[in-house]
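Given next are the chains, with one letter for each unit.
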Number of protein chains: 2
Amino acid sequence: MKFLAHINVMPKAELLDPQGKVVVKNLPNIGIEGVDDVRIGKHVTISLEAKDESEAHDKVENACKKLLANVIMESYDFVVEEV
Amino acid sequence: MKFLAHINVMPKAELLDPQGKVVVKNLPNIGIEGVDDVRIGKHVTISLEAKDESEAHDKVENACKKLLANVIMESYDFVVEEV
């Protein structure tokens, strides 16, 4: 069976997000007011084969833990859909 | 009113995604088989004030077009929720 995973990897809430701070500071320069916080992370899509949804879920969880996310500084969440 | 936008900025489908290719090549090394494509982009959350949802939507659209996405090489999509 074929699956598509949609993953978000974000800096943990308690950590400073320097990239986000730069964006917050620059948005008024392009006429966008009223923004009080911006956080920037990774969006990853994975297209994969698995015998069922549970195996697909485990593979994606493993990919996140071992490769895509630095679990000390980042948190991740994902959804898996059959395609 | 307060809103939270969830934005994905991804490399356009027709473009090569070198980061994604590196991940595809390395996943078998950590025991994850069956992955045929990985695409890596940005996930951005924006917390903002706006008089209504339509204004919030326009502000986020503007932020994507002018700052967050390189519209030649990237595509973006987002949802805005009241919080």
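Residues numbered from 1 in each chain as written. Chains lettered and ligands numbered in written order. Predicted model: local features only at pLDDT ≥ 70, side-chain atom pairs only at ≥ 80, totals over all residues. Heavy atoms only, no water.

### Regarding the relation of the copies chain A and chain B
Of the two same-sequence chains, chain A is brought onto chain B (RMSD 0.0 Å, axial shift 0.0 Å) by a rotation of 180 degrees. Such a combination of turn and shift is consistent with a two-fold rotation axis. Most of the interface of chain A is mirrored in chain B, where 100% of its interface residues are also at the interface. (Least-squares fit on C-alpha atoms with pLDDT ≥ 70 in both. Contact = heavy atoms within 4.5 Å.)

### Quick look at the side chain of A:Asp17
All names here are of chain A. Locating Asp17 in the fold gives a position in the loop between β1 (2–11) and α1 (18–26). It turns out Asp17 is buried and unbridged, and the closest side chain with the opposite charge, Arg39, is 4.7 Å from it. In this structure the side chain of Asp17 is engaged in a polar contact, spanning 2.8 Å, whose partner is the backbone nitrogen of Ile40. Sequence-distant contacts of Asp17, defined by excluding residues within four places in its chain, comprise Pro11, Val38, Arg39 and Ile40. (Helix = DSSP H or I, 4+ residues; strand = E, 2+ residues; numbered from the N terminus. Buried < 20%, exposed > 50% of the residue type's maximum accessible area, 1.4 Å probe, protein only. Lys, Arg positive; Asp, Glu negative; His and termini not counted. Salt bridge = Lys/Arg side-chain N within 4 Å of Asp/Glu carboxyl O. Polar contact = N/O pair within 3.5 Å; in protein donor to acceptor, adjacent residues only side chain to side chain.)

### A look at the sheet that holds strand β2 (residues 35–49) of chain B
Strand order in the open sheet formed by 6 strands is β3(A)-β1(A)-β2(A)-β2(B)-β1(B)-β3(B), with antiparallel pairing between adjacent strands. Edge positions in the sheet fall to β3 (74–82) of chain A together with β3 (74–82) of chain B, since each has one partner strand and no second. Mean inter-strand twist for the sheet, computed between neighbouring axes without regard to direction, equals 20 degrees. Pairing analysis gives 9 bridges linking strand β1 (residues 2–11) of chain B to β3(B), with the strands arranged antiparallel. For B:Ile7, the partnering residue across the bridge sits in β3(B) and is B:Phe78. Helix α2 (residues 53–68) of chain B contacts β1, β2 and β3 of chain B of the sheet and is inclined by roughly 155 degrees relative to β3(B). (Pairing = 2+ DSSP bridges. Axes fitted to C-alpha atoms, helices over the stretch in contact; angles between N-to-C directions.)

### Looking at the environment of A:His57
Inspection of the secondary structure assignment puts A:His57 in helix α2 (residues 53–68). In the structure, A:His57 is positioned 52 residues away from A:Ala5 in sequence and 8.4 Å away in space, judged by C-alpha atoms.

### Points about the pattern of salt bridges
One pass over the full model with this rule turns up 10 salt bridges over all chains. A salt bridge links A:Glu55 to A:Lys51; the nearest nitrogen and oxygen atoms lie 3.9 Å apart. On the basis of relative accessible area, A:Glu55 is assigned to the partly exposed category, the value being 25%. The salt bridge involving B:Lys42 is made with B:Glu74; its shortest N-O contact spans 3.7 Å. Taken together, the residues span a long stretch of sequence, with B:Lys42 in strand β2 and B:Glu74 in strand β3 at a distance of 32 residues. Residue classification places B:Glu74 among the buried residues on the basis of a relative accessible area of 19%.

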